[in-house]
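# Architecture at a glance
As a plain string of letters, each chain reads:
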Amino acid sequence: MFTYMVKVVLKMKKITTISLFLMLTFWIIHSPAKACSCNWQGPFLTVAKNAPLVVHGRILRHHPGQRPTMDVLVLETLSGGLFDSGIVVQMGDGMHCRPNLESFPSGSEWILALNGPGSKPGDGLVLSHCGEYWLYIENNNVNGTIDGAEKESKQIPLQEFRRRFLYPRFKESFHGLATQGGRFRRSFGSRFEFILEPATTGWEIVVREYGRDENLARLTPPLHFVPNPREIEGWHLMENPKACSARPYKADSGPDNPRRFIFSPEVGVLIDAGTLGRSIIPEDIEAVGRFGQGIFTIGDFKLLPQNDGCMEIEWMKFSVQIEGGY
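Remember, predicted model here, so these are calculated numbers, not experimental data. (Residues numbered from 1 in each chain as written. Predicted model: local features only at pLDDT ≥ 70, side-chain atom pairs only at ≥ 80, totals over all residues. Heavy atoms only, no water.)

### Topic: the pattern of salt bridges
For the coordinates displayed, the defined rule picks out 17 salt bridges. One salt bridge in this structure joins R163 and E266, with 3.2 Å as the shortest N-O distance. On the criterion of sequence distance, the pair formed by R163 in helix α5 (residues 158-166) and E266 in the loop between β14 (259-263) and α6 (282-291) is long-range, its members being 103 residues apart. Residue class for R163 comes out partly exposed when judged on its relative accessible area of 28%. In this structure E266 comes out as buried when scored by relative accessible area, which is 14%. (Salt bridge = Lys/Arg side-chain N within 4 Å of Asp/Glu carboxyl O. Helix = DSSP H or I, 4+ residues; strand = E, 2+ residues; numbered from the N terminus. Buried < 20%, exposed > 50% of the residue type's maximum accessible area, 1.4 Å probe, protein only.)

Have a look at this one:
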């Protein structure tokens, strides 16, 4: 079509340069086939990483016209931040890479990844169609191209989707140096932080999720009667630990090196929560270990002698391998 128009214009003997420019501009503006061109960037769990805001929302009403929009009640913010529970989302107008308003009926619920690449967001919130940036929710199930090939739709429970979105798989390693009385912190995964929290004679291994105070590693076994791998004390590193009269449990030795720990965001929520009204059972420990595991290895260190025959750690070098997610 474009080539044909150019040939017609050039055959016109009295056409001016300005006229040619105006005709071509009009064709570009009003050609829906050329208004938006973008490749499909992937399924939801891939492309949503590039969206600054991801919400679970209900469509309240439509505003059709030259600049169509829809009002959305935000039921849950999965990623990013909002000041209000209501948002306005710009939809397809024939010019931009956005889906049509009619595809999102009033009253329906969706997972929406907003302002993703290709949507040309401008000043507001926009839904892009250059990938699977939306998933339909029905009967507490999430539907759409969640993690497969283009147009490969599947259905999973909302709770399972939430877990997979918030806690994707990760595997990382890092090194560090801890000095007496000092705190070491290192972020990992998408939502976690590894911490060496100073204690009276050493450190405690702590794993936290941003926004929570819970130590997600606190159910690392053994839970009673012997030193726990999360606890790092000077007497653990002594050639003769028995020389430390104040050692807990009168243990013959400290935890092995390297030390292994487990963690999960379900600790304090679905596992060992105060509302459960029961003690920890082996299945709880197994569930924590299925989510996340870490290996803490102590390298070089320096000990300072104390009056009771025990020693404190002046400094230690260490490495951490950590992996997990759903």
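Structure's up, so let's keep going.
### Section: the environment of W134
Topologically, W134 is positioned in strand β6 (residues 134-138). Contacts of W134, omitting those with residues within four sequence positions, involve F44, P99, F104, W110, I111, L112, L127, S128 and H129. (Contact = heavy atoms within 4.5 Å.)

### Observations concerning the sheet that holds strand β13 (residues 231-233)
On the basis of which strands lie adjacent, the open sheet formed by 4 strands has the order β10-β11-β12-β13 and antiparallel pairing. For this open sheet the edge positions go to β10 (184-188) and β13, each flanked by a neighbour on one side alone. With direction set aside, neighbouring strand axes in the sheet form an average angle of 20°. Two strands pair when backbone bridges link them, and β10 and strand β11 (residues 192-198) are joined in this way by 5 bridges, in the antiparallel orientation. Opposite R186, over in β11, you have F194 as the bridge partner. (Pairing = 2+ DSSP bridges. Axes fitted to C-alpha atoms, helices over the stretch in contact; angles between N-to-C directions.)

### As for α5
Among all positions in α5, only L158, F161, R162, F165 and L166 are buried. For α5, the angular spread of the buried residues around the axis is 115°, confining them to a single face. (Arc of directions from axis to C-beta.)

### Observations concerning the sheet that holds β6
The mixed open sheet is built from 8 strands, whose spatial order is β5-β3-β2-β1-β4-β6-β7-β8. The strands lining the two open edges of the sheet, one partner per strand, are β5 (125-126) and β8 (154-157). Bridge analysis of strand β2 (residues 69-79) against strand β3 (residues 86-90) gives 5 bridges, and the strand direction is antiparallel. Residue T69 lies in a different strand from β3, and its bridge partner there is Q90.

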